[in-house]
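Summary of structural features
Here is how the chains run, residue by residue.
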Amino acid sequence: MKLAFRWIVASMIVLLLSGCLYPDERLKQNQIPYKDQVASVQEAVNQYRKATGGLLPIKTRDMKTPIYQKYPIDFQRLIPRYMQEPPGNAFESGGIFQYVIVDAETNPTVKLLDLRMAEQIRDINLRLKMYRDSYGYPPFKKMIAKGIFTLDYKKLGYKEPPYAISPFSGKNLPFVIDYNGDVYVDYRIDLYEALKKTKHSYKPGDDIRGLLVKNSLFVPAYSLPYTIDANHEPVFLTK
């Protein structure tokens, strides 16, 4: 009963946080990742770089920050000189996307990171914390790669396993957890389809996530690195 009460409290906290994070979610026009919105930010970034000798309008992040979350755009550097306001689907305007830059050193390109995944991971982490407080370790279920596991969600109070909606395919993507207790989205479903549809020269040991980024507006947020096995199927890139 005590643990169940904790889960109820955690759910209420997540709802409150999500309400603060997405104040305009009812405005559907703010939630659509229009290509022209990304293009307008790309143009503003290009103009900023030209005016500043190649600098990027980004927020400072720790060097250990995962690559696809490492270079979020700082719209304060772009407004009002290079654009009037952030796009309607940007977090800064109440939207669900964070605008980020990929290929920062070679070809700075604007992409979208779906922040709804962060909300789901936050909920899982709250439940994990309360479970660990009681039992000392996460409820690992099955090892699917070296140091990477699925979770026993029933022990975390879920009736059904949570999932993230893929920005690439619209499919339901599961979550995984590593030895450190960090939760990630598992993109193997999307990568499998991308490998089948797209010509590539990846070899075992290469990080293949760029295959998803290259042909879409999005980045595989909150992901672990992936490579291909001998059958050219996606597997976790483990040390």
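Here's a quick rundown of the structure. Given the structure is predicted, the values throughout are model-derived calculations rather than measurements.

**Observations regarding helix H4 (residues 188-197)**
An α-helix turns once every 3.6 residues. As a result, residues three or four positions apart point the same way. The set of residues buried in H4 consists of Asp-190, Leu-191, Ala-194 and Leu-195. Axial view of H4: buried residues confined to an arc of 130 degrees, hence all on one face. Residues of H4 that are exposed and point over 90 degrees away from its buried face: Lys-196 and Lys-197. Against the buried residues of H4 lie strand E6 (172-173), helix H5 (210-214), strand E9 (226-228) and strand E10 (234-236).

**Focus on the nonpolar core**
Phe-175, Val-185, Tyr-187 and Tyr-222 are the most contacted members of the largest nonpolar core, which has 41 residues in total. Those elements giving two or more residues to this core turn out to be strand E1 (97-102), helix H3 (116-135), strand E4 (148-151), strand E7 (175-178), strand E8 (183-185), H4, H5 and E9. The dominant element in this core, judged by the number of residues it contributes, is H3, at six residues. Tyr-222 has contacts with Gln-69, Leu-113, Asp-114, Leu-115, Met-117, Ala-118, Ile-121, Tyr-184 and Val-185, leaving out every residue within four places of it along the chain.

**What about the sheet that holds E7?**
Strand order in the open sheet formed by four strands is E3-E4-E7-E8, with antiparallel pairing between adjacent strands. Each edge of the open sheet is held by one strand with a lone partner, namely strand E3 (140-145) and E8. Along the sheet, successive strands turn relative to each other by an average axial angle of 40 degrees, direction set aside. In this sheet, E8 lies alongside E7 in antiparallel orientation, the contact comprising three bridges. In the sheet register, Ile-177 faces E8, and the bridge partner there is Val-183. Along the sheet face, H3 touches E4, E7 and E8 and points at about 150 degrees away from the line of E8.

**Describing the layout of surface pockets**
Here the largest pocket defines a volume of roughly 530 Å³. As for the largest pocket, its lining consists of 18 residues, and the residues nearest its centre are Asp-178, Tyr-184, Leu-224, Pro-225 and Lys-239. Estimated volume of the second largest pocket: approximately 350 Å³. In terms of lining residues, the second largest pocket is bounded by 21 residues, among which Tyr-68, Val-102, Asp-103, Gly-210 and Val-213 are the most central. Those elements that provide at least two residues to the lining of the second largest pocket are E1, strand E2 (109-114) and H5. Ranked by residues supplied to the lining of the second largest pocket, first place goes to H5 with four residues. The residue inventory of the lining of the second largest pocket, partitioned by class, reads nine nonpolar, five polar and seven charged.

The rules we used
Residues numbered from 1 in each chain as written. Predicted model: local features only at pLDDT ≥ 70, side-chain atom pairs only at ≥ 80, totals over all residues. Heavy atoms only, no water. Buried < 20%, exposed > 50% of the residue type's maximum accessible area, 1.4 Å probe, protein only. Helix = DSSP H or I, 4+ residues; strand = E, 2+ residues; numbered from the N terminus. Arc of directions from axis to C-beta. Contact = heavy atoms within 4.5 Å. Core = buried A, V, L, I, M, F, W, Y, C linked by side-chain atoms within 4.5 Å. Pairing = 2+ DSSP bridges. Axes fitted to C-alpha atoms, helices over the stretch in contact; angles between N-to-C directions. 1 Å grid on protein atoms, 1.4 Å probe; cavity = no way out; pocket = protein on both sides within 12 Å on 5 of 7 lines; lining within 4 Å. Points joined across faces, edges and corners; volume = space filled by probe spheres on them. Nonpolar A, V, L, I, M, F, W, Y, C, P; charged D, E, K, R; others polar.

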